[in-house]
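Below, each chain spelled out in residue letters.
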Amino acid sequence: MIRIVDIGMNHETAPVQVRELLSFGKEELDKAARDIQAIKNIRESIVLSTCNRVEILFTTEREKEAKQSIITFLSRVSGIAPDDLKPFLYIYDDQEAIRHLFRVGASLDSMILGEPQILGQVKDAYRIAVDNKSSSVILNRLMHRTFSLAKRIRTETGIAGSAVSISFAAVELAKKIFGELTGKGVLLIGAGEMAELAATYLLNNKAARILVTNRTFARAVDLAEQFQGRAVRFDEIESQLLKVDIVISSTASPEPIISFDQVRRIMKGRRNRPLFFIDIAVPRNVESRVNEIGNVFVYDIDDLKGIIDDNLSKRQAEAVKAERIVDEEVIKFSEWLGTLEVVPTIQELQEKCERIYQGEVRKTLSSLKDLTPYERKGVETMAKSIAKKLLNDPILFLKRKSARDSRDLYLDIARQLFNLDDEKKKRRK
Amino acid sequence: MDIVFFRLTLSLYFVATAGFLYFIIRRRKKVGLWSHRILLLGFALHTMFLLLGYYRLGAVPALSFKSSLAFFSWAIVAAYIIFQAKFRIMVLGSFVIPLSVVLMILSSTIPITPVTVRPAFKGIWLPLHATTSLLGDGIFVIACIAGIMYLIQERQIKTKRLGAFYSRLPSLNILDSINYHAISYGFLLLTIGMITGSIVAQGAHGTYWRWDPKEVWSLLTWLCYAVLLHQRVAIGWRGRRSALMAIGCFFILIFTFLGVNLLMEGYHSFESLEGNPLP
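From a predicted model like this one, the values you see are computed outputs, not experimental measurements. Numbers given for residues are sequential positions, taken from 1 along each chain in its written order. Following the order in which they are written, the chains are lettered starting with A and the ligands numbered starting with 1. Given that the model is predicted, a residue must reach a pLDDT of at least 70 before its local features are reported, and side-chain atom pairs must reach 80 or more before they are shown or counted; all residues, however, enter totals for whole chains, interfaces and linings. With hydrogens and water excluded, all non-hydrogen atoms of the structure serve as input to the side-chain values.

Let's talk about the environment of Leu 340 of chain A
All names here are of chain A. Here a helix means four or more residues in a row that DSSP labels H or I, a strand means two or more in a row labelled E, and each is numbered from the N terminus. Along the chain, the position of Leu 340 falls in helix α13 (residues 301-367). With a relative accessible area of 24%, Leu 340 lands in the partly exposed category. Sequence separation of Leu 340 and Ile 2 is 338 residues, and the distance between their C-alpha atoms is 9.7 Å. Here a residue-residue contact requires only that any non-hydrogen atoms of the pair lie within 4.5 Å. For Leu 340, the residues in contact, after removing those within four places along its chain, are Val 137 and Ile 138. In this scheme, a residue with accessible area under 20% of its type's maximum is buried, one over 50% is exposed, and one in between is partly exposed, where area comes from a 1.4 Å probe on protein chains only.

Shown next, in the form of structure tokens:
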């Protein structure tokens, strides 16, 4: 009987020092995938490696030996003795392996719940397996189910619904204020990792131009080059505020650089076109009262953090729904696996039936020499139909039992009734 | 026959409302799409119902309170369909369509009264007056509802508490843009409605303007929207203020539509429109 097994480790079971020993680069991954497929007793295999997890998914008929070989392989690659490695590993069989893969693909097992990258990584892993021809009937289907399940969970639950990083939350807010960001101007005051990331996301969302300013002008010029924007001088801020729509500030200034009165003045000049301040600086660069002005929106770092905390707990609530969908799909897939078990028996039955009727047709026709071709055809068709119709019910019966626990019993009875195993042996001889 | 069309329309609007509410709660895009299609079908039947009424009566079917409610409901749906086609904001339906269902139900609870059509009500001007005025009112409903949606969304963003509506409602920019377009087109139609109305009055009473309560309140409504439009175009109002004022003007409009007709006496009240003499 074929088993599906998953051996792996993730951010919860293994510290980064251990994970990085087994984290494969692109070419290493290809080689590892081929090495694993070459291991004896492994029928199909897929290797997934990201910075948070390593998963080796395979099918085998000799579960014990295959598991042992995989652990030996992982031990060899990581340089950790098998017994020291085992506490970091989890091993899932059959339904549990299916469920685990589904959960990984749907980002239910990710460090940041619902993060979108993992599905791409699973797809990459599958592509390598396809290239190496190490994935076949079972894993092909399992992977395709994983992809469509992930998509379904993404659309039917809010697990990936709202932003969980500061920069994404800021871009999402900008979209709720301005609608499309096409043609919007961004002013970046000061520099810093988070501010630059937010600026990059805004550019990716089609914001048109970026202006950069800094107390030291040379620094502004450098940064402007990086964003293909324009550097403006620090004392130009007020006049630039008339033209841009989104301001990201992160200077180390101890005093606010943007004041209530200043923005009120500016809004008249802007004819109340909305203005959005993303103030990442601590202490804040924008006076908090600015938020009270109509059509002006100010978000500081704590506001943004508050939003992503809320969003994370929303995702956790949505994950419950997602788990239910996973349960459903695990059952469906297991049922399909069950039908796979009865397929060989059904095929053998059909082969046997074909052998019998062809033999009988030959015998009959050799003794009836005067038949016209049309009549010969009639005899053939009749023999074929009788044989097929006799088999129809047993085959349907086996298919019906394929999802039941009693499947093996009925398979056994069917094989004995039709004497399939003896014949197999005879023909092999 | 008329009643069949009316009931079919009402049931389709009912189904569409249920669909639109489900859509905004569970966010199933397909449900929203189907609700919209069902609504379109209902709207077609509603139009048939009104045309049939026009054919039977020989005058625009808005002479009684009962029929003008059904006509207003039609105008709201028409305005929604136009704005949905332009802005593609399905959630608008979740807010607007329940309203037209309520109007339809109200209309169906009022008993039918026989209407005598005066000769002055035949001809082109009354249908023009009723259609442009009511369509203008329907568009102002959209302006008001976009204003309410704007206030909800703006409040969430300003107070930094992003609740259930944050992801469901469109961006402030789109809501403000709907507000602006609705006020512009609504104002245009209302203006045409008042001009054609005075022509009807001239035909019926021999004078264009009589300072009748309906006329006075219509003028007030018109002025309110005129001020709002002026503030938007000339002063650069937008966002919250404009939304608030669109809601405020709408209250005056509703009073003009309902209050004046039901509470005050004048030649435009339905008693006199229906042909009964004033007490």
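Considerations on helix α4 (residues 91-109) of chain B
Because the α-helix completes a turn every 3.6 residues, residues three or four places apart line up on one side. All names here are of chain B. The span you would expect from a helix comes to 1.5 Å times its residue count less one. Given a rise of 1.5 Å per residue, 19 residues ought to cover 27 Å, and the 28 Å separating the end C-alpha atoms of α4 matches this to within 8%. Among all positions in α4, only Val 91, Leu 92, Gly 93, Ser 94, Val 96, Ile 97, Ser 100, Val 101, Leu 103, Met 104 and Ser 107 are buried. Close packing links the buried residues of α4 with α1 (2-26), α2 (29-57), α3 (65-87), α5 (125-159) and α6 (164-168).

Topic: a nonpolar patch on the surface
To count toward a patch, a residue needs a relative accessible area over 30% and no salt bridge; like charges are then connected within 9 Å, while nonpolar side chains (Val, Leu, Ile, Met, Phe, Trp, Tyr) are connected within 5 Å. Values of accessible area rely on a 1.4 Å probe in the Shrake-Rupley scheme; residue burial ignores everything except the protein chains shown. Definition used for salt bridges: Asp or Glu carboxyl oxygen within 4 Å of a side-chain nitrogen of Lys or Arg. Taken together, the side chains of Met 382, Ile 386 and Leu 390 of chain A define a hydrophobic patch exposed on the protein surface, amounting to about 340 Å² of accessible area. When you line up the elements, Ile 386 of chain A lands in helix α14 (residues 373-401).

Regarding the sheet that holds strand β6 (residues 209-213) of chain A
Residue and element names in this part refer to chain A. Strand order in this open sheet of six strands is β7-β6-β5-β8-β9-β10, and the pairing throughout is parallel. Among the strands making up the open sheet, the edge pair consists of β7 (230-232) and β10 (296-300). Along the sheet, successive strands turn relative to each other by an average axial angle of 20°, direction set aside. Any two strands with at least two DSSP-identified bridges between them are counted as paired. As paired elements, strand β9 (residues 275-279) and β10 share five bridges and run parallel to each other. Bridging from a neighbouring strand, Leu 275 pairs with Val 296 of β10. Axis definition: a line fitted to C-alpha atoms, over the contacting stretch in the case of helices. Angles run 0 to 180 degrees between N-to-C directions.

Everything listed here is a matter of coordinates, which is why it stays silent on function.
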